[in-house]
Amino acid sequence: MTEPSKVIHVRNVGHEISENDLLQLFQPFGSITKLVMLRAKNQALIQMQDIPSAISVLQFYANVQPSIRGRNVYVQFSSHQELTTVDQNTHSRGDEPNRILLVTIHQMLYPITVDVLHQVFSPHGFVEKIVTFQKSAGFQALIQYQSRSNAVTARDLLQGRNIYDGCCQLDIQFSNLDELQVNYNNERTRDFTNPSLPAEPKGRSSQQQQQQSGYVDPSGMYALQTAGAPAVAFSQMVNHAAIAAAFGGVLPPGISGMNDRCTILASNLNPDRIDEDKLFNLFSLYGNIVRIKLLRSKPDHALVQMGDGFQAELAVHFLKGAMLFGKCLDVNFSKYPNITAGADTHEYANSNLNRFNRNAAKNYRYCCSPTKLIHLSTLPQDITEEDIMSHLEEHGPIVSTKLFETNGKKQALVMFDTEEQATEALVCKHASSLGGSIIRISFSQSQAI
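Keep in mind it's a predicted model, so treat the numbers as computed, not measured.

Q: Provide a residue-level description of the overall build of the chain, including the pertinent values.
A: Helix and strand counts for the chain stand at 12 helices and 25 strands. Counting only contacts in the chain whose residues sit at least 6 apart along the sequence, the fraction spanning at least 24 positions is 71%. Within the structure as shown, the chain displays about 21000 Å² of accessible surface, and the carbon and sulfur contribution to it stands at 49%.

Q: Explain helix α12 (residues 419-429) to me, and be specific about the residues and the numbers.
A: Of all the 11 residues making up α12, eight are buried; the element is thus mostly covered by neighbouring parts of the structure. Along α12, the positions that sit buried rather than exposed are Gln-421, Ala-422, Thr-423, Glu-424, Ala-425, Leu-426, Val-427 and Lys-429. For α12, the secondary structure elements touched by its buried residues are α8 (276-283), β16 (323-324), β20 (373-377), α11 (385-392), β22 (409-416) and β25 (440-443). Residue Ala-431 follows α12 closely and has a positive phi angle near 70 degrees.

Q: Residues and numbers for the nonpolar core, please.
A: Of all hydrophobic cores here, the largest spans 52 residues; its most connected members are Phe-283, Tyr-286, Ile-374 and Leu-376. Element by element, the count of residues in this core is highest for helix α9 (residues 309-319), at seven residues. Membership of the second largest hydrophobic core comes to 30 residues, among which are Val-114, Ala-141, Ala-154 and Ala-349.

Q: An account of the packing of α8 against α12 is requested, with residue identities and associated values reported.
A: Where α8 meets α12, the axes come as close as 7 Å, and the angle between the chain directions of the two elements is 115 degrees. Regarding α8 and α12, the two cross each other, and that crossing is right-handed. Contacts between α8 and α12 involve Lys-278, Asn-281 and Leu-282 from the former and Thr-423, Leu-426, Val-427 and Cys-428 from the latter. The residue makeup of the contact of α8 with α12, split by class, is four nonpolar, two polar and one charged.

Q: I'd love a proper account of the sheet that holds strand β1 (residues 7-11), names of residues and values included.
A: Strand-to-strand pairing in sheets goes through backbone hydrogen bonds, with the strands running parallel or antiparallel. The four strands are arranged β2-β3-β1-β6 in an open sheet whose pairing can be described as antiparallel. Strands at the two margins of the open sheet, each flanked by one partner only, are β2 (32-38) and β6 (74-77). Strand-to-strand twist in this sheet, taken as the mean axis angle between neighbours without regard to direction, amounts to 20 degrees. With six bridges connecting them, β2 and strand β3 (residues 43-48) associate as antiparallel partners. Considered in β3, the bridge of Val-36 is made with Leu-45. In the packing of helix α1 (residues 19-26) onto the sheet, the strands contacted are β1, β2, β3 and β6, and the crossing angle to β2 comes to about 135 degrees. The sheet strands contacting helix α2 (residues 51-61) are β1, β3 and β6, and the helix crosses β6 at an angle near 140 degrees.

Q: Tell me what's going on with the sheet that holds strand β21 (residues 398-406), and back it up with residues and numbers.
A: Reading across the sheet, the four strands line up as β21-β22-β20-β25 and stay open at both edges, with antiparallel pairing between neighbours. If you trace the sheet from one side to the other, it starts and ends with β21 and β25, each paired once. Strand-to-strand twist across the sheet, computed as the mean angle between neighbouring axes with direction ignored, equals 20 degrees. Direction of pairing for β20 relative to β25: antiparallel, over a ladder of four bridges. Within β25, the position partnered with Ile-374 by the bridge is Phe-443. Contacts from α11 reach β20, β21 and β22, with the element oriented near 130 degrees to β21.

Q: Any details on the packing of aromatic side chains? Residues and values, ideally.
A: In total, this model carries eight aromatic pairs according to the counting rule given. Look at Phe-356 and Tyr-364: their rings are 5.1 Å apart centre to centre, the planes differ by 55 degrees, and that puts the pair in the tilted class. Put simply, the rings of Phe-26, Phe-29, Phe-60 and Tyr-61 touch in pairs and so form one group of aromatic residues. Positioned above the aromatic ring of Phe-404, the side-chain terminus of Lys-402 is 6.0 Å from the ring centre.

Q: Any details on the environment of Phe-60? Residues and values, ideally.
A: By the element assignment, Phe-60 lies in helix α2. C-alpha separation for the pair Phe-60 and Phe-29, spaced 31 residues apart in sequence, amounts to 9.4 Å.

Q: Just give me the short version of the pairing of β21, but keep the residues and values in it.
A: Pairing analysis gives eight bridges linking β21 to β22, with the strands arranged antiparallel. Bridge assignment links Thr-401 to a residue of β22, and that residue is Val-414.

Q: Please set out the side chain of Ser-432 residue by residue, giving values where relevant.
A: In this structure, Ser-432 sits in the loop between α12 and β23 (433-434). Residue classification places Ser-432 among the buried residues on the basis of a relative accessible area of 14%. Side chain to side chain, Ser-432 and His-391 meet in a polar contact 3.0 Å long. Excluding anything up to four places from it in sequence, Ser-432 contacts His-391, Ser-437, Ile-438 and Ile-439.

Q: Lay out the confidence of the model for the chain in plain terms, naming residues and giving numbers.
A: The predicted model of the chain averages 83 in pLDDT, with 85% of residues at 70 or higher. Overall, residues 85-94 carries pLDDT values under 50, and its contacts beyond four positions in sequence, including any with other chains, amount to 23 contacts. Low pLDDT, under 50, characterises residues 204-239; the predicted model gives this stretch 80 contacts beyond four residues in sequence or across chains.

Q: Give a detailed account of the environment of Gln-181, specifying residues and quantitative values.
A: Within the secondary structure, Gln-181 is located in the loop between β11 (167-174) and β12 (189-191). When the C-alpha positions of Gln-181 and Lys-129 are compared, they lie 8.4 Å apart, and in sequence the two are 52 residues distant.

Q: An account of the pattern of salt bridges is needed here, citing residue identities and associated values.
A: Inspection of every chain in the model, using the stated rule, returns 13 salt bridges. A salt bridge links Glu-424 to Arg-273, with the nearest nitrogen and oxygen atoms 3.2 Å apart. Of this pair, Glu-424 sits in helix α12 while Arg-273 sits in the loop between β13 (263-267) and α8; the two residues are 151 residues apart in sequence, bridging distant segments of the chain. For Asp-275, the salt bridge goes to Lys-278, with nearest N and O atoms at 3.2 Å. Residue Lys-278 is classed as buried on the basis of its relative accessible area, which comes to 18%. Several salt bridges share partner residues, and in doing so they unite Arg-99, Glu-128, Lys-129 and Glu-179 into one network.

Cut-off values and rules
Residues numbered from 1 in each chain as written. Predicted model: local features only at pLDDT ≥ 70, side-chain atom pairs only at ≥ 80, totals over all residues. Heavy atoms only, no water. Helix = DSSP H or I, 4+ residues; strand = E, 2+ residues; numbered from the N terminus. Contact = heavy atoms within 4.5 Å. Areas by Shrake-Rupley, 256 points an atom, 1.4 Å probe, with all protein chains shown as cover. Buried < 20%, exposed > 50% of the residue type's maximum accessible area, 1.4 Å probe, protein only. Core = buried A, V, L, I, M, F, W, Y, C linked by side-chain atoms within 4.5 Å. Axes fitted to C-alpha atoms, helices over the stretch in contact; angles between N-to-C directions. Left-handed = near helix turned anticlockwise from the far one by under 90°. Nonpolar A, V, L, I, M, F, W, Y, C, P; charged D, E, K, R; others polar. Pairing = 2+ DSSP bridges. Phe/Tyr/Trp six-rings, centres within 6.5 Å; stacked < 30°, edge-to-face > 60°. Lys NZ or Arg CZ within 6 Å of the ring centre and 35° of its normal. Polar contact = N/O pair within 3.5 Å; in protein donor to acceptor, adjacent residues only side chain to side chain. pLDDT = per-residue confidence, 0-100. Salt bridge = Lys/Arg side-chain N within 4 Å of Asp/Glu carboxyl O.

Next comes the structure, spelled out in structure tokens:
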């Protein structure tokens, strides 16, 4: 057993947990003299004023599970009797103010470029240089300000904020570097004090340049800003107002718009017929999907991680009690803040089938509970009503169909006898191929065709 120490080792400290969160957890037991965040390991070290205070912490939490922002954290005595300057310099998240910031992007549903980062950080002072790269912790960037005070201000104001609505969360610490060396001005590195730098070495692609420099992006996913990414950074800062605006200024009854829990527990599923892609097709009606996990120990249970808390709230609100494959779905917020990626999870963060990558406001307005009427889009131009009925009729009797054209694009409405039949058709046939086209299906709020 570890010898009692005034230093407490905290494990399972997720990136969403801040220093202030930890202070609130431990301050009731006595003064805290030092706090070191070990972000790379999801851990922290807390030094209490004395050993009796630390013992009080361990005794209390031996009987009560400590939890922060819905995540269980675990405490024990550290092997350190005291945190030294060396310990802090070696392991800390970078609390010594510096004009260079190390930024890690979590939940990165959209590509982040130098231009996006400059748009986010330049309001807080003159940004001299930016370098982006990929590490085991995820996509990271070094931001060099002209002055240390600018960097301090930016860190204080931006830590924990989202670049885009519900995703691309900023985790910011001070770097221990003195100066960034930038040799090329392109989408990955930029020296704003020297605009005459070349875009890449002569005769070498930017991908080769990146690999040579050690800033590796093997997938190339950060090379360009995709057309689906929102145009304006930091909509999350006015998220509630933006969401309300998407619904014409008033949120649907029962929707607060203030939920911050992103992970949903769906239960009472039909394990013989459900799979991750079918759950994706259903839950993606209400927001972007990060990942999905079917629970092996409970085959009729699944975890679904949405892009943000509001999207999760919409899914819980509209899907609770829905019928699917002969089962009445039970949909609730999970106690887990996120789903840990692993061999038994399916990843959807970068799926181009996520509906809210573009036209998010319009998609919010279309959110509703399952209906008997489904809307089909991205249909081939030569499609017929007979083709549509043949594609969908295995899911239940089709009452009526309507094929029409909007802005030169074929679309259709299909009415089933029950909401359950329409829901089954949606989860089974959304993103399926019909006449050489990948079709998109959603519920229609219309009462009739």
